[in-house]
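# Summary of the model geometry
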Amino acid sequence: MQELATRRKLLNGKVNFPLCLAPMVGLSHMALRVVTRDYLPAGAETLWPTEMLNSWKIPKEDLAKTPETFRAPFETGLVPQILGNEEEPIRDTVTRLIDWGAEAIDINMGCPVQKALKHNYGVALMGDPAYAAEVVRMTVKHSPVPVSVKLRAGPQGDFNFLLNFVRGLEEAGASWVTLHPRTAEQKRRGSADWEQIRLLRESVSIPVIGNGDVQTAEDVFQMLEDTGCDMAMSGRALAARPWMMWQVAETLGFGAPYGREGERAPRTPEDEGQEYGRALKKLLMILLETHGENLALRKFRFHVRTTGVWLDFGHALYSAVMTAKTGEGVQEALDLFFKTRVAMTPRTQLRE
Ligand SMILES: Cc1cc2nc3c(=O)[nH]c(=O)nc-3n(C[C@H](O)[C@H](O)[C@H](O)COP(=O)(O)O)c2cc1C
């Protein structure tokens, strides 16, 4: 494996860990970040996303009261992701987010939903390379911290298109890019084409974060080795097994996370199943402490729906969580479900 030391530096070298969580609407909120961070040993520094934040809304919001911008005081390495294409809202959003504690700003150029296409943001920006570069330029102009872009493969997986597009972003001042090499048409299904990450990393001089289909700690090292990317980003699977941070850290020679000293990272399907239950209970507790019961349960159910696919009988867990009407009821459902040892599968077919 390419030595981690030879990788390009993110956040001026502050980042020393090769795995980060992906920005995901409805999932990568403060509660999940805290649960995931708790598996990261002392001394390991990575990047932390928010959910996608609308640059037309953020300037008008009280960030301490908006669920999407809730943050814990001890959180560092925060890289909020913005959606936008106009200078004034972007400027005001960046100003607010810097006050909030952003250490970098990520621009979304990968969101494929109809609304994004209609309003010319998200992946629609990939249809207009010159304007996309302009969006980076206007963000960099107003940002005292690095600006990155998260994007997808080019239309029909056209690598030359992607390369020219990224060169434009680089010239406009992007400090790094994250490539999720599925096309807009693929959305989040099918397999991600890691070869595009390798080619891109080889062809540009800014750091490249690889994303897509990283389901296990082995996948993290495989992606680093196969593509030479500077960091791997995992979305759904890291939400499902946040202790992937610990597994990777253990392989790299870091100590155990705080409170788990003397233990080894869970690796067997049964140990992972137990850990999934432990992590879920913690997530539920933080969500209930942070939000009203309704919102907490909505977020929790969505988390179980997305991540339960790695768990044997995950559908039964999801039904139990849907049936319970209160936070206490969900807690009881979790206690009952995880009384029996259930296994977690390393890999699954990603459909959504
Ligand atoms: C529920 C959900 C919401 C997502 N929201 C965002 C988003 O707000 N911004 C973004 O750049 N990508 C978003 N994504 C895409 C992920 O960041 C990531 O690129 C994709 O899931 C592939 O990574 P994975 O295979 O590790 O999950 C979302 C994905 C999911 C599953």
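Rules and cut-offs
Throughout, a residue's number is its position along its own chain's written sequence, starting from 1. Thresholds applied to this predicted model are a pLDDT of at least 70 for local features of residues and 80 or more for the giving and counting of side-chain atom pairs; totals over whole chains, interfaces and linings are not thresholded and use all residues. We count a stretch as a helix when DSSP gives it H or I for four or more residues in a row; a strand needs E for two or more, and each element gets its number in order from the N terminus. Using C-alpha atoms as the atom set, the radius of gyration is obtained and then compared with a globule rule of 2.2 Å times the number of residues to the power 0.38. Three classes are used. A residue is buried when 20 or more other C-beta atoms lie within 10 Å of its own, exposed when 12 or fewer do, and partly exposed in between, with C-beta atoms placed from the backbone. These domain limits were set by an automatic method or by a database of domain assignments. When residue character is reported, Ala, Val, Leu, Ile, Met, Phe, Trp, Tyr, Cys and Pro are called nonpolar, Asp, Glu, Lys and Arg charged, and the others, Gly included, polar. Nonpolar cores are built from buried Ala, Val, Leu, Ile, Met, Phe, Trp, Tyr and Cys residues. These are joined into a set through C-beta atoms within 7 Å. The contact criterion used here is simple: two residues whose C-beta atoms, placed from the backbone, lie within 7 Å are in contact. The pairing criterion is simple: DSSP has to find at least two bridges between the two strands. Interaxial angles span 0 to 180 degrees and are taken between N-to-C directions of axes, which are lines fitted to C-alpha atoms, for helices over the stretch in contact. Multiply 1.5 Å by the residue count of a helix minus one, and that product is the helix's expected span. Picture the helix axis, draw a direction to every C-beta atom, and the arc is the one those directions span. Nearness here is judged by the C-beta atom: place it from the backbone, and if it falls within 6 Å of a molecule or strand, the residue counts as near that partner. A clockwise path from the first strand over the helix to the second, with the strands pointing away from the viewer, defines a right-handed crossover.

## Remarks on the overall build of the protein
For the protein, the helix and strand inventory stands at 13 helices and 8 strands. By the compact-globule yardstick of 20 Å for 352 residues, the protein fits well, its C-alpha radius of gyration being 19 Å. Each principal axis of the C-alpha atoms in the protein carries an extent, and together these give about 55 × 45 × 35 Å. Taken across its 352 residues, the protein has 47% of its residues classed as buried.

## Focus on the domain arrangement of the protein
Domain boundaries assigned for the protein yield domain 1 (13-252) and domain 2 (269-337). Centre-to-centre separation of domain 1 and domain 2, based on C-alpha positions: 26 Å. Secondary structure elements with two or more residues in the side of domain 1 that touches domain 2: helix H1 (30-37) and helix H8 (236-240). When residues of the side of domain 1 that touches domain 2 are assigned to their parent elements, the largest contribution, 5 residues, is made by H1. Counted by class, the side of domain 1 that touches domain 2 contains 12 nonpolar, 2 polar and 2 charged residues.

## Focus on the nonpolar core
Of all hydrophobic cores here, the largest spans 105 residues; its most connected members are Val136, Leu169, Val177 and Leu283. For this core, the element with the most residues is helix H10 (residues 269-290), which contributes 8 residues. Three or more residues apiece are contributed to this core by two domains, here domain 1 (13-252) and domain 2 (269-337). Beyond its immediate sequence surroundings of up to four residues, Val177 is in contact with Ser148, Val149, Leu151, Val166, Leu169, Ile206 and Val208.

## So, the sheet that holds strand E1 (residues 19-21)
In space, the 8 strands of this open sheet follow the order E1-E8-E7-E6-E5-E4-E3-E2, with parallel pairing throughout. For this open sheet the edge positions go to E1 and strand E2 (48-54), each flanked by a neighbour on one side alone. On average, adjacent strands in this sheet sit at an angle of 25° to one another, irrespective of strand direction. Pairing geometry for strand E4 (residues 105-109) and strand E5 (residues 147-152), over 5 bridges, is parallel. Paired with Met109 across the two strands is Leu151, which belongs to E5. In the packing of helix H6 (residues 194-203) onto the sheet, the strands contacted are strand E6 (176-180) and strand E7 (208-211), and the crossing angle to E7 comes to about 175°.

## Focus: helix H9 (residues 244-252)
Taken residue by residue, H9 has Met244, Met245, Trp246, Gln247, Val248 and Ala249 as its buried positions. Of the surrounding secondary structure, the elements contacted by the buried residues of H9 are E1, H1, helix H7 (217-227), strand E8 (231-234) and H8. Positioned one or two residues after H9, Gly253 has a phi angle of 95°, which is positive.

## Re helix H2 (residues 87-100)
Over its 14 residues, H2 runs 20 Å from end to end, which matches the ideal 20 Å to within 8%, given 1.5 Å per residue. Residues Ile90, Thr93, Val94, Arg96 and Leu97 constitute the buried set of H2. Taken end-on, H2 shows its buried residues confined to a sector of 165°, consistent with a single buried face. Lining the buried residues of H2 we find strand E3 (78-83), E4 and helix H4 (129-142).

## Focus: unusual backbone geometry
Positive phi values are uncommon outside glycine, yet Leu11 reaches one of about 50°. Accessibility expressed as a C-beta count within 10 Å gives 21 for Leu11, which makes it buried. You will see that Phe313, though not glycine, has its phi angle at about 65°, which is positive. Tracing the chain through its elements places Phe313 in the loop between helix H11 (293-307) and helix H12 (314-323). Judged by C-beta crowding, with 15 C-beta atoms within 10 Å, Phe313 ranks as partly exposed.

## Topic: the site of the ligand
Taken together, 24 residues surround the ligand, and among them Ala22, Met24, Met52, Gly235 and Arg236 come closest. Sorting the residues of the shell around the ligand by element identifies E2 and H8 as the ones contributing at least two each. Looking at the shell around the ligand residue by residue, the classes come out as 10 nonpolar, 9 polar and 5 charged.

## So, the pairing of E8
Residues in a regular strand project their side chains so that they alternate between the two faces of the sheet. Residue alternation in E8 divides its side chains into two sets, Met231 and Met233 and Ala232 and Ser234, and both sets are buried. Note that E1 and E8 share 3 bridges and pair parallel. Directly across from Cys20, in E8, lies its bridge partner Met233. Handedness of the crossover joining E7 and E8 through H7: right-handed.

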